[in-house]
Amino acid sequence: MSDAMRQYPIAIDPNKVGHYPALTKAGGGLVWDEVLEYRVWCHPPEGGDDYYFAFATYEEALECSAHEAGAEAPLALVLQREWLDEPEAGRYKHMTGERLAEWQVAWLNRPRRTDLTIPDFLSPDAPSNRLAILRGQAG
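Scoring rules and cut-offs
- Residues numbered from 1 in each chain as written.
- Predicted model: local features only at pLDDT ≥ 70, side-chain atom pairs only at ≥ 80, totals over all residues.
- Heavy atoms only, no water.
- Phe/Tyr/Trp six-rings, centres within 6.5 Å; stacked < 30°, edge-to-face > 60°.
- Helix = DSSP H or I, 4+ residues; strand = E, 2+ residues; numbered from the N terminus.
- Buried < 20%, exposed > 50% of the residue type's maximum accessible area, 1.4 Å probe, protein only.
- Lys NZ or Arg CZ within 6 Å of the ring centre and 35° of its normal.
- Contact = heavy atoms within 4.5 Å.
- Pairing = 2+ DSSP bridges.
- Axes fitted to C-alpha atoms, helices over the stretch in contact; angles between N-to-C directions.
- pLDDT = per-residue confidence, 0-100.
- Salt bridge = Lys/Arg side-chain N within 4 Å of Asp/Glu carboxyl O.

Re the packing of aromatic side chains
At step 1: A full pass over the atoms with the stated rule returns six aromatic pairs.
At step 2: Look at Tyr38 and Tyr58: their rings are 6.1 Å apart centre to centre, the planes differ by 65 degrees, and that puts the pair in the edge-to-face class. On the criterion of sequence distance, the pair formed by Tyr38 in strand β2 (residues 34–42) and Tyr58 in helix α1 (residues 58–67) is long-range, its members being 20 residues apart. Here Tyr38 and Tyr58 have matching classes, each one buried.
At step 3: Both rings, one in Tyr51 and one in Phe53, keep their centres 5.6 Å apart while their planes meet at 85 degrees; by these two values the pair is edge-to-face.
At step 4: Residue Tyr51 is classed as partly exposed on the basis of its relative accessible area of 31%.
At step 5: Joined through ring pairs, the aromatic side chains of Tyr8, Tyr38 and Tyr58 make up one cluster.
At step 6: Here Arg39 stacks its cationic end above the ring of Tyr52, 4.4 Å away from the centre of that ring.

Next comes the structure, spelled out in structure tokens:
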């Protein structure tokens, strides 16, 4: 499948897929920089420890989730070099560093973070619906 036909980006470094920590943040941050891998978490029907399979593409992960017993829908492991913390409802804080988070794959429909995404979001001139900036819907 060509990259242009893919619904979601390929992992930034396919050679590192499966080598990231299993325990990461869950969701949050509102913006993303890179996709590291796609994960399919499995809960064995007979009991025991949960485990996951890691893939470089969403399509591979989706195929696995459809056929593996006890599998969840795929998640995306994303790298956030900058993100937005919301310590209380409606109050946002610009954070920097490296943060790994598992995201719902659909959140990758938001545009990748640019140098202006967070400053525009935090600007006093931002639209009343600031989330439109993150969704790529603000002009």
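Side note on the environment of Met95
At step 1: With respect to the helices, strands and loops of the structure, Met95 is situated in strand β5 (residues 91–104).
At step 2: You can call Met95 partly exposed: its relative accessible area is 23%.
At step 3: Spatially, the C-alpha atoms of Met95 and Glu68 are 37 Å apart, while their sequence positions differ by 27 residues.
At step 4: If we ignore the near neighbours within four places in the chain, the residues touching Met95 are Arg81, Glu82, Trp83 and Asp85.

Structural notes on the environment of Arg110
At step 1: Inspection of the secondary structure puts Arg110 in the loop between β5 and α2 (117–122).
At step 2: Using a relative accessible area of 21% as the deciding quantity, one classes Arg110 as partly exposed.
At step 3: Taking the C-alpha atoms as reference, Arg110 lies 23 Å from Glu88; in sequence the two are 22 residues apart.
At step 4: Non-local contacts of Arg110, meaning those with residues more than four positions away in its chain, are made with Leu30, Trp32, Trp103 and Leu134.

Re the sheet that holds β2
At step 1: An order of β1-β5-β4-β2-β3 is seen for the five strands of this open sheet, with the pairing classed as mixed. Looking along the sheet, the strands with just one partner apiece sit at the ends: β1 (25–26) and β3 (51–55).
At step 2: The pairing of β2 with strand β4 (residues 75–88) spans five bridges and is classified as antiparallel. Looking at β4, one finds that Arg39 is bridged to Leu75.
At step 3: Lying on the sheet, α1 is in contact with β2 and β3; it crosses β2 at an angle near 5 degrees.

A look at the confidence of the model for the chain
At step 1: With 96% of its residues at a pLDDT of at least 70, the chain reaches an overall mean of 93.
At step 2: Mean pLDDT values for the elements of the chain range from 88 in helix α3 (residues 131–134) up to 98 in β2.

Let's talk about the pattern of salt bridges
At step 1: For the structure on display, the rule yields seven salt bridges.
At step 2: Its salt-bridge partner being Arg39, residue Glu102 comes within 2.9 Å of it at the nearest N-O pair. Residue Glu102 is located in strand β5, and its partner Arg39 is located in strand β2; the two are separated by 63 residues in the primary sequence.
At step 3: Given the relative accessible area of 15%, Glu102 is considered buried.
At step 4: For the salt bridge of Glu88 with Arg91, the shortest nitrogen-to-oxygen distance reads 3.7 Å.
At step 5: What makes Arg91 partly exposed here is its relative accessible area of 41%.

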